[in-house]
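# Architecture at a glance
One-letter residues, chain by chain:
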Amino acid sequence: MAGGNEKSVKALKEVWRRAENSLCADCGKPDPDWASSTLGVFICLSCSGIHRNIPSISKVKSLKMDHWDDAQVQFLAHHGNAVTKATYEAHIPIYYYQPTYNDCQVLREQWIRAKYERKEFTEPGKQLPYSDGVKEGILWKRGRDNGQFLPRKFLLSEREGCLKYFTKQDAKEPKVIIKIDVINATFQPVKIGNPNGLQITYLKDNKTRNIFVYHESGKEVVDWFNAIRSVQFHYLKVAFPIASDNELKSRLTRNFLKEGYMEKTGPKQKEAFKKRWFTLDHRRLMYFKDPLDAFAKGEVFVGSRENGYSVQKGLPSGTQGNFSWHYGLTIVTPDREYLFTCETETDQLDWITAFTSIINQPMIPQEYASKCLSSVSF
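Residue positions within a chain follow its written sequence, with the count starting from 1. Local features in this predicted model are restricted to residues of pLDDT 70 or higher, and side-chain atom pairs are both shown and tallied only at a pLDDT of 80 or more, whereas totals for entire chains, interfaces and linings draw on every residue. Only hydrogens and water are set aside when side-chain values are computed; all heavy atoms of the structure are taken into account.

### Here's the deal with the layout of surface pockets
- Whether a set of points on the 1 Å grid over the protein atoms alone is a cavity depends on a 1.4 Å probe fitting there but being unable to get out, while an open set qualifies as a pocket with protein on both sides within 12 Å along at least five of seven lines; lining residues are those with an atom within 4 Å of a point. Grid points are joined across faces, edges and corners, and a volume is the space filled by probe spheres set on the points. Roughly 360 Å³ of volume is contained in the second largest pocket.
- Counting only elements with at least two residues in the lining of the second largest pocket, the list comes to β8 (184-187), α6 (189-192) and β11 (258-264).
- When residues in the lining of the second largest pocket are grouped by element, the largest group, three residues, is from α6.
- As a working rule, the residues Ala, Val, Leu, Ile, Met, Phe, Trp, Tyr, Cys and Pro are called nonpolar, Asp, Glu, Lys and Arg charged, and the rest polar, with Gly in that last group. Its residues placed into classes, the lining of the second largest pocket shows seven nonpolar, four polar and four charged.
- Counting only domains with at least three residues in the lining of the second largest pocket, you end up with domain 1 (1-117) and domain 2 (134-250). In DSSP terms, a helix is any run of H or I states spanning at least four residues, a strand is any run of E spanning at least two, and both are numbered starting from the N terminus. Domain borders in the structure are assigned automatically or taken from a domain database.

### Some remarks on the pattern of salt bridges
- What makes a salt bridge here is a side-chain nitrogen of Lys or Arg within 4 Å of a carboxyl oxygen of Asp or Glu, nothing more. Scanning all chains against the criterion turns up 19 salt bridges.
- For Glu 120, the salt bridge is made with Arg 118, and the minimal N-O distance between the two is 2.7 Å.
- The partner of Lys 153 in a salt bridge is Glu 136, and the shortest N-O contact between them spans 3.8 Å. Taken together, the residues span a long stretch of sequence, with Lys 153 in strand β5 (residues 149-157) and Glu 136 in strand β4 (residues 134-142) at a distance of 17 residues.
- Given the relative accessible area of 14%, Lys 153 is considered buried.
- Ionic contacts of the salt-bridge type, sharing partners, join the residues Asp 26, Lys 85, Glu 89 and Lys 115 into one network. A 1.4 Å probe rolled over the protein chains alone gives each residue an accessible area, and that area as a share of the maximum for its type sets the label: buried under 20%, exposed over 50%, partly exposed in between.

### Re the UniProt feature "domain: PH" (unreviewed entry) in the chain
- According to UniProt, the positions carrying the feature "domain: PH" (unreviewed entry) are residues 132-233 and 255-360.
- Annotation note: span residues 132-233, helix share 20%, strand share 45%, distance between end C-alpha atoms 12 Å.
- Strand forms 38% of residues 255-360 and helix 14%; the C-alpha atoms that close the span are 18 Å apart. UniProt positions are given in the numbering used here, feature names are shortened, and annotations may be inferred rather than shown by experiment.

### Details of unusual backbone geometry
- Positive phi, close to 55°, is recorded for Asp 31, a residue that is not glycine.
- The phi angle at His 282 is positive, at roughly 55°, despite the residue not being glycine.
- In this structure, His 282 sits in the loop between β12 (274-281) and β13 (284-288).

### Concerning the domain arrangement of the chain
- The domain architecture assigned to the chain consists of domain 1 (1-117), domain 2 (134-250) and domain 3 (258-375).
- Here the C-alpha centre of domain 3 lies 27 Å away from the C-alpha centre of domain 2.
- Any two residues having at least one pair of non-hydrogen atoms within 4.5 Å are treated as being in contact. Taken residue by residue, the interface counts 15 residues in domain 2 and 16 residues in domain 3.
- When the buried surface of domain 2 facing domain 3 is broken down by residue, Lys 191, Asn 206 and Thr 208 rank first, second and third, together holding 39% of it.
- Counting across the domain 2 and domain 3 interface gives one salt bridge.
- Glu 259 serves as the salt-bridge partner of Lys 191, at 2.7 Å between the closest nitrogen and oxygen.
- Polar contacts here mean pairs of N or O atoms no more than 3.5 Å apart (in protein, one a potential hydrogen donor and the other a potential acceptor; neighbouring residues in sequence count only if both atoms are side-chain atoms). In this structure, the connection of domain 2 to domain 3 is made through seven residue pairs in polar contact (both at pLDDT 80 or more).
- For the side of domain 2 that touches domain 3, the secondary-structure elements that each account for two or more residues are α6, β9 (198-204) and β10 (207-214).
- The class makeup of the residues in the side of domain 2 that touches domain 3 is four nonpolar, six polar and five charged. Buried surface area refers to the total accessible area, computed with a probe of radius 1.4 Å, that the two partners give up upon joining, counted for both partners together.

### Side note on the packing of aromatic side chains
- Pairing of aromatic rings covers Phe, Tyr and the six-membered ring of Trp, with a centre-to-centre limit of 6.5 Å; geometry is then stacked below 30 degrees between planes, edge-to-face above 60, and tilted otherwise. For the coordinates displayed, the defined rule picks out 18 aromatic pairs.
- Note on Trp 140 and Tyr 214: the rings are 6.2 Å apart at their centroids and 10° apart in plane angle, and the pair reads as stacked. Of this pair, Trp 140 sits in strand β4 while Tyr 214 sits in strand β10, placing them 74 residues apart in sequence.
- Relative accessible area serves as the criterion here: at 25%, Trp 140 is assigned to the partly exposed category.
- You can call Tyr 214 buried: its relative accessible area is 16%.
- Measuring from ring centre to ring centre gives 5.0 Å for Tyr 261 and Trp 277, while their planes differ by 85°; the resulting arrangement is edge-to-face.

In structure tokens, the structure reads:
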């Protein structure tokens, strides 16, 4: 807190110490040390950069380095995160994805702009671009075989319960029809190589199929994401009428628990270990030759501890396959053991943590049925 009289500095510290202001108002990151002098919210450094890009709405200052005059401190005291949230987050749809500090830039930026710039959540029943059950438009889709991104027409329909895409804008028949109950969507800017990159995953013939898309507009791609969640939510409301909204919300789109490279060997455990890209999507562990492959080369179901699944650090003694990475881990299932090696100890421990988190969760009835997704090609 640079400059300012002692009384003002003390008052600012008191407001800053309030429990409601201990987390960033926009992403929930602990110990925010910036604030908006026009909105009255306490925010983290990363979110302050987004606020700085909408100066007509928000003017940000450092709580540690900038001078705050008496009027600005009083404004913060009369507002703060709780009061401001009550206004700008009053009517958020249950299905709307509220990003955290672990989420990518486009999600956090559009969340902030939706709240303060577009005021999407200040009024009940407001018509939103992702709330009417139908969305149609162009997304740039990566070709399965040639890797080129080309414009494709997409159509999302709550009434039909599906997402379709067409190879040509005037095409009468879709290339693919994806039922809404088998769709997942997650932002993958690094993997796709575009800040607005979205990965759409679905099941086709009991195998995982990936579609990689983006849109030049951050708002448009986030609207697509939330439109998918909206249609999913209303589908689940019909399919599970006695379930609570929060239960249904937990079954909407999900982020992958962990992704990255590991080496694997085959079922005989004598083959040379090969480097592959792995994705842990809840209880499905998939591997790909390339991160942007359309189909997984293999999948294995990861069940719960009470059903005989576990993860162990290291490889079984006497493992014969040649491997270049030396930080091993073993997934134990009722049928066999799966052996992997990681490049670094940090990777090894991160994978073990991810596997442990899912193995420690009891299985639900639907997950017993999904065990058939395990692929013998693993």
